[in-house]
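Listed below, chain by chain, are the residues.
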Amino acid sequence: MNIQVSQAIFFLGLLSYLAIRTVYQRKAHASGPSQSDRSTPQDKALILLVIVGQVLLPLVYAFTPWLNFASYPSIPAASYLGSILWVAGIWLFWRSHADLGTNWSVTLEVQHNHQLVKRGVYHFVRHPMYASFLVLGIAQAALLPNVIAGTSAFIAVVVLCIVRVPREEAMLCEVFGQEYRRYMQTTGGVVPTLFGRGVA
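A short tour of the structure in this document, coming up.

1. Side note on the overall build of the protein
Assigned secondary structure in the protein consists of 6 helices and 2 strands. Along the chain direction, N to C, the helices and strands of the protein fall in the order α-β-α-α-β-α-α-α. The C-alpha radius of gyration computed for the protein amounts to 18 Å, which stays within 12% of the reference 16 Å derived for 200 residues, consistent with globular compactness. C-alpha atoms of the protein, sized along the principal axes, occupy 50 × 40 × 25 Å. Per-residue burial over the protein gives 46% buried out of 200 residues. Long-range pairs, those at least 24 residues apart, make up 78% of the contacts in the protein with a sequence separation of at least 6. As presented, the protein carries roughly 10300 Å² of accessible surface, and 68% of it is formed by carbon and sulfur atoms. Where the 14 positive side-chain charges of the protein centre and where its 8 negative ones centre are 4 Å apart.

Listed below in structure tokens is the structure:
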């Protein structure tokens, strides 16, 4: 697979990613204002960091010569693997939104009539959307043969998970109490568990 094809696959997937996010963001806004907004400037900065890694730097790589110094020859096997992971990541990203419905928000918020969703992909992992980001980050590194543009999403998402997942878990424990703590014992955090114990 040559670099033009792998880039085309990447950007088609990126359009799908943005379309999914737009549809569900509009649905969330249509459901009304949140009951409690827990977002902070740090939270918004993390979101911006992910946007830079997932969208801005790949666009700079594709449409300007500014990152050419960090490019390396495309590896066909990596491009094929990246394509498979890219499709899987987009599917998981969509399924995470579909299962969560109006309980989802970009920042840390508690919605009116907020429900603890344990169905669908949430039956296996508490944060499948973050898991999809990690899969997409690995796929981006495989599809874009550039040290900066390729790895930027994965690095940004790792930072996001390290900082935000504990805060989100604490918020959900506060809102749902013992029910969420029991849920934590039977599911993985970002990586599914096979042994009935939650892992981060």
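2. Concerning the layout of surface pockets
Estimates place the volume of the largest pocket at around 650 Å³. Around the largest pocket, the lining is made up of 36 residues, and of these W104, S105, M129, Y130 and R164 lie nearest the centre. Put simply, the parts of the chain that give the lining of the largest pocket at least two residues each are helix 1 (3-30), helix 2 (41-63), helix 4 (128-143), helix 5 (147-176) and helix 6 (178-186). Counting residues per element, the lining of the largest pocket draws most heavily on helix 5, at 6 residues. For the lining of the largest pocket, the residue count by class is 22 nonpolar, 9 polar and 5 charged. Lining the second largest pocket are 12 residues, with A28, H29, S105, V106 and E109 sitting closest to its centre. The dominant element in the lining of the second largest pocket, judged by the number of residues it contributes, is helix 1, at 3 residues. For the lining of the second largest pocket, the class distribution of residues is 4 nonpolar, 7 polar and 1 charged.

3. Side note on empty space enclosed by the protein
Gaps left between atoms show up when a probe the size of a water molecule is rolled over them. With the rule as written, the count across this model stands at 1 cavity of 30 Å³ or more. Counted as a void, the largest cavity has a volume near 60 Å³. Surrounding the largest cavity, L14, Y17, Q54, W86, F133, L136, G137, Q140 and A153 form its lining. Elements with a minimum of two residues in the lining of the largest cavity: helix 1 and helix 4. Of the residues forming the lining of the largest cavity, the biggest block, 4 residues, is contributed by helix 4.

4. Focus: the environment of G32
Along the polypeptide, G32 turns up in the loop between helix 1 and strand 1 (36-37). Sequence-wise, G32 and V52 are 20 residues apart; in three dimensions their C-alpha atoms are separated by 28 Å.

5. Some remarks on the pattern of salt bridges
Applying the stated criterion to the full structure yields 5 salt bridges. A salt bridge links K118 to E179, with the nearest nitrogen and oxygen atoms 3.6 Å apart. With K118 in the loop between strand 2 (109-110) and helix 4 and E179 in helix 6, this pair connects stretches of sequence that are 61 residues apart. Classification of K118 by relative accessible area gives partly exposed; the value is 36%. Measuring nitrogen to oxygen at the nearest pair gives 2.8 Å for the salt bridge that ties E169 to R126. Here R126 lies in the loop between strand 2 and helix 4 and E169 lies in helix 5, a separation of 43 residues in the sequence.

6. Regarding the packing of helix 3 (residues 76-100) against helix 4
Interaxial distance between helix 3 and helix 4 falls to 8 Å at its minimum, and their mutual angle equals 160°. As far as their axial angle goes, helix 4 and helix 3 are roughly antiparallel. By crossing handedness, the relation of helix 3 to helix 4 is classed as left-handed. Residues A78, S79, G82, S83, L85, W86, G89, I90, L92, F93, S96 and H97 of helix 3 form the contact with helix 4, whose participating residues are P128, M129, A131, S132, F133, V135, L136, I138, A139, Q140, A142 and L143.

How each quantity is defined
Residues numbered from 1 in each chain as written. Predicted model: local features only at pLDDT ≥ 70, side-chain atom pairs only at ≥ 80, totals over all residues. Heavy atoms only, no water. Helix = DSSP H or I, 4+ residues; strand = E, 2+ residues; numbered from the N terminus. Rg over C-alpha atoms; globule rule 2.2 N^0.38 Å. Buried < 20%, exposed > 50% of the residue type's maximum accessible area, 1.4 Å probe, protein only. Contact = heavy atoms within 4.5 Å. Areas by Shrake-Rupley, 256 points an atom, 1.4 Å probe, with all protein chains shown as cover. Lys, Arg positive; Asp, Glu negative; His and termini not counted. Charge placed at Lys NZ, Arg CZ, Asp CG, Glu CD. 1 Å grid on protein atoms, 1.4 Å probe; cavity = no way out; pocket = protein on both sides within 12 Å on 5 of 7 lines; lining within 4 Å. Points joined across faces, edges and corners; volume = space filled by probe spheres on them. Nonpolar A, V, L, I, M, F, W, Y, C, P; charged D, E, K, R; others polar. Salt bridge = Lys/Arg side-chain N within 4 Å of Asp/Glu carboxyl O. Axes fitted to C-alpha atoms, helices over the stretch in contact; angles between N-to-C directions. Parallel < 35°, antiparallel > 145°, perpendicular 65-115°, else oblique. Left-handed = near helix turned anticlockwise from the far one by under 90°.

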